[in-house]
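Summary of structural features
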Amino acid sequence: MKQYNFNAGPSILPQEVIKQTADAVIDFEGHGLSILEISHRAKYFQPVMDEAEALMKELLNIPDGYRVIFLGGGASLQFCMLPYNLLEHKAAYLNTGVWAKKALKEAKAFGEAVEVASSADANYTFIPTDYEIPQDADYFHVTTNNTIYGTELSDEKLQQIYDKLGKVTLVADMSSDILSRPIDVSKYGIIYGGAQKNLAPAGVTFVIVREDLLGKVSRHIPTMLDYRTHIEGGSMFNTPPVLPVYTAVLTLRWLKNLGGLEAIEKRNIAKAELLYKAIDESKMFVGTAKKEDRSRMNVPFVLKEEYKELEAEFLKFAADHGMVGVKGHRSVGGFRASIYNAMDLEGVQALVDCMKEFEALHA
Ligand SMILES: *Cc1c(COP(=O)(O)O)cnc(C)c1O
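In this text, all values refer to a predicted model and were calculated from it rather than measured experimentally.

To continue, consider the side chain of Ser176. One can find Ser176 in the loop between β8 (169-173) and β9 (188-194). Exposure remark for Ser176: the relative accessible area of 1% places this residue in the buried category. Among the polar contacts made by the side chain of Ser176, one reaches the side chain of Thr147 at a distance of 2.8 Å. Sequence-distant contacts of Ser176, that is, excluding residues within four places in its chain, are made with Asn145, Thr147, Lys197, Asn198, Met297, Asn298 and Tyr340.

Here it is, written out as structure tokens:
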């Protein structure tokens, strides 16, 4: 039976990207060697790294003055690498979920790190707006999409942030919504994320960094944690994650062929609308995030109180219908469907049909 992959991460990749990756594992672009066994210094690989940066710049419309680097360590290492490189006196964080909170915790080791607002008391079901950004902060950190709670900074909320930034540098964890919609990169100093949600298999982290921000802190930065090392080394100071970078290039080519970020945004809106409409019309299911802050990438929902005892049954029913990875995160419960770029409308329709069928049987 066809399997529909709603995993939160690592997660769905386009079928053609998976096939092309498999081909390269056997014979990398006709060179007669597997991509697993070539040197990253070989002449074959340099063009891959160059294309990865070039396609990120092209698709995200990244202005001059920025570099895109590919590192190991995941978004979680960026929680510490970022303040290492940027925090001199003070940093400000918007606490919209567990990942945001973890980022804030790391910053505290490097200086004053303030939480400007938090929705923790409401189990992160919304994005707070009632706060000021301290103008003496070295940067202000946001998580644009909260993978676990299914909230996302809408274009309106992003604009509100841009409007109150003043001269403070904006930094964003975009692990789970990078490349899902156009974004004005010029508003940001640094954008980072683990690539395993929307771009590549696990093992590579992207960092988009405005070069003029670097070299300003007075502390010594260990070589491997200094962004400048990886900029100067062209993401090859040490051995890069060769295979995930190659798959990222394939995904970026796929996105470009599809029409880029405007096209994928339209598709993502259509998918999210289809699923949220089904949830809102359901007698049985209910969404957990505040409507205006709903994520287009991660859709958490639960059973209404009177149907709560059917949770395990729905999970089994969904699995029997080929729905993979719809169990909710333990901190929200219920269900979560991650509908990243590579999920198509047909897959979301299959989930909606499955939910309706289950409801017809039990409600
Ligand atoms: C998954 C995720 C992370 C953690 O990424 P790792 O690469 O596993 O460290 C951080 N932030 C967000 C928003 C995420 O979705």
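There is more to say, and it comes next.
Within the structure, the ligand sits among 14 residues, and Ser76, Thr147, Asp173, Gln196 and Lys197 are positioned closest to it. Side-chain polar atom of Thr147 to an oxygen atom of the ligand: 2.4 Å apart, as the coordinates give it. Between an oxygen atom of the ligand and a side-chain N or O atom of Lys197, the distance comes to 2.6 Å. Contact with the protein chains covers 88% of the free accessible surface of the ligand, which is 390 Å². The element best represented in the shell around the ligand is helix α3 (residues 74-86), accounting for 4 residues. In the shell around the ligand, the residues fall into 3 nonpolar, 9 polar and 2 charged.

Moving on, we get to the packing of aromatic side chains. For the coordinates displayed, the defined rule picks out 15 aromatic pairs. Ring centres 4.8 Å apart and planes at 55° place the aromatic pair Tyr84 and Phe110 in the tilted group. Note that Tyr84 is positioned in helix α3 and Phe110 in the loop between α4 (98-107) and β4 (112-118), a separation of 26 residues in sequence. With respect to burial, Tyr84 and Phe110 carry one shared label: buried. Among the aromatic residues, ring-to-ring pairing joins Phe285, Phe301, Phe314, Phe317, Phe335 and Phe358 into one connected group. Positioned over the ring face of Tyr131 is Lys164, at 3.9 Å from the centre of the ring.

Turning next to the sheet that holds strand β3 (residues 90-95). One open sheet holds the 7 strands; their spatial order is β2-β10-β9-β8-β5-β3-β4, and the pairing between them is mixed. The open sheet has two free edges, formed respectively by β2 (66-71) and β4, since each of these has just one partner strand. Direction aside, the axes of adjacent strands within the sheet are offset by 20° on average. Both β9 and strand β10 (residues 205-210) contribute to a ladder of 5 bridges, which runs antiparallel. Bridge pairing links Ile190 to Val209 in β10.

Within the element layout of this structure, Ile133 appears in the loop between β4 and β5 (139-143). In this structure Ile133 comes out as buried when scored by relative accessible area, which is 4%. Considered as a pair, Ile133 and Lys167 are 34 residues apart in the sequence and their alpha carbons are 9.9 Å apart.

At a minimum axis separation of 9 Å, helix α8 (residues 260-281) and helix α10 (residues 345-362) run at an interaxial angle of 5°. When the interaxial angle is binned, α8 and α10 end up roughly parallel. Each of Ala270, Lys271, Leu274, Leu275, Ala278 and Ile279 in α8 lies in contact with α10, whose residues at this interface are Leu345, Val348, Gln349, Leu351, Val352 and Met355. Taken together, the residues of the contact of α8 with α10 break down into 10 nonpolar, 1 polar and 1 charged.

All right, on to the sheet that holds strand β12 (residues 298-303) then. Two pairing modes exist for strands in a sheet, parallel and antiparallel, and in both the strands are linked by backbone hydrogen bonds. The 3 strands lie next to each other as β11-β12-β14, forming an open sheet whose pairing is antiparallel. If you trace the sheet from one side to the other, it starts and ends with β11 (285-287) and β14 (335-338), each paired once. The sheet shows a mean angle of 35° between the axes of neighbouring strands, taken without regard to direction. Summarising the sheet, β11 and β12 pair through 3 bridges and their orientation is antiparallel. Paired with Gly287 across the two strands is Phe301, which belongs to β12. Relative to β14, helix α9 (residues 311-320) is tilted by about 30°, and along the sheet it contacts β11, β12 and β14.

Let us now look at the packing of helix α2 (residues 46-59) against helix α7 (residues 242-258). It is at 9 Å that the axes of α2 and α7 come closest, and there the two elements cross at 35°. Viewed along their axes, α2 and α7 form a crossing whose handedness is left-handed. The residues of α7 that touch α2, namely those facing Val48, Met49, Glu51, Ala52, Leu55, Met56, Glu58 and Leu59, are Val245, Tyr246, Val249, Leu252, Arg253, Leu255 and Lys256. Of the residues belonging to the contact of α2 with α7, the class tally is 11 nonpolar, no polar and 4 charged.

It is worth spelling out the nonpolar core at this point. Membership of the largest hydrophobic core comes to 60 residues, with the highest contact counts inside it found for Met56, Leu60, Phe140 and Leu179. For this core, the element with the highest residue contribution is α7, accounting for 9 residues. Residues contacting Met56, with those up to four places away along its chain left out, are Asn61, Ile62, Val68, Phe70, Leu179, Leu199, Phe206, Ile208 and Leu252. In terms of nonpolar packing, the next biggest core, distinct from the first, is built from 35 residues, Tyr276, Ile279, Phe335 and Ala342 among them.

The next thing to look at is the environment of Thr129. By the secondary structure assignment, Thr129 is in the loop between β4 and β5. Residue classification places Thr129 among the partly exposed positions, given a relative accessible area of 38%. The spacing of Thr129 and Ile26 is 103 residues in sequence and 51 Å in space, taken between C-alpha atoms.

Parameters and conventions
- One numbering rule holds for all chains: residues counted from 1, following each sequence as written.
- Two thresholds apply to this predicted model, a pLDDT of at least 70 for residue-level local features and 80 or more for giving and counting side-chain atom pairs, whereas whole-chain, interface and lining totals are computed over all residues.
- Side-chain metrics rest on all non-hydrogen atoms present in the structure, leaving aside hydrogens and water.
- Helical segments are the DSSP runs of H or I of at least four residues, strand segments are the runs of E of at least two, and each set is numbered from the N terminus.
- Note on exposure labels: buried denotes an accessible area under 20% of the residue type's maximum, exposed denotes more than 50%, and partly exposed covers the range between, all computed with a 1.4 Å probe on protein chains only.
- Two N or O atoms count as a polar contact when they lie within 3.5 Å, although within protein this holds only if one can serve as hydrogen donor and the other as acceptor, and sequence-adjacent residues are included solely when both atoms are side-chain atoms.
- We call two residues in contact when some of their heavy atoms are within 4.5 Å.
- Nearness of a residue to a molecule or strand requires only that one of the residue's heavy atoms be within 4 Å of it.
- A 1.4 Å probe and the Shrake-Rupley method give the accessible areas. Residues count as covered only by the protein chains that appear here.
- Residues are grouped as follows: nonpolar covers Ala, Val, Leu, Ile, Met, Phe, Trp, Tyr, Cys and Pro; charged covers Asp, Glu, Lys and Arg; every other residue, Gly included, is treated as polar.
- Two rings belonging to Phe, Tyr or Trp (six-membered ring only in the last case) form a pair when the distance between their centres is within 6.5 Å. Interplanar angles under 30 degrees mark stacking, angles over 60 mark edge-to-face geometry, and anything in between is tilted.
- Should the NZ of a Lys or the CZ of an Arg lie within 6 Å of a ring centre and within 35 degrees of the ring normal, that charge is described as sitting over the ring.
- Strand pairing requires that DSSP identify at least two bridges connecting the strands.
- A fitted line through C-alpha atoms serves as each axis, taken over the contacting stretch for helices, and the angle formed by two N-to-C directions is quoted from 0 to 180°.
- Small angles under 35 degrees read as roughly parallel and large ones over 145 as roughly antiparallel, with 65 to 115 read as roughly perpendicular and the rest as oblique.
- The hand of a helix crossing depends on one turn: near helix anticlockwise from the far one by less than a right angle means left-handed, and clockwise means right-handed.
- Nonpolar core, defined: a set of buried Ala, Val, Leu, Ile, Met, Phe, Trp, Tyr and Cys residues in which side-chain atoms within 4.5 Å join the residues together.

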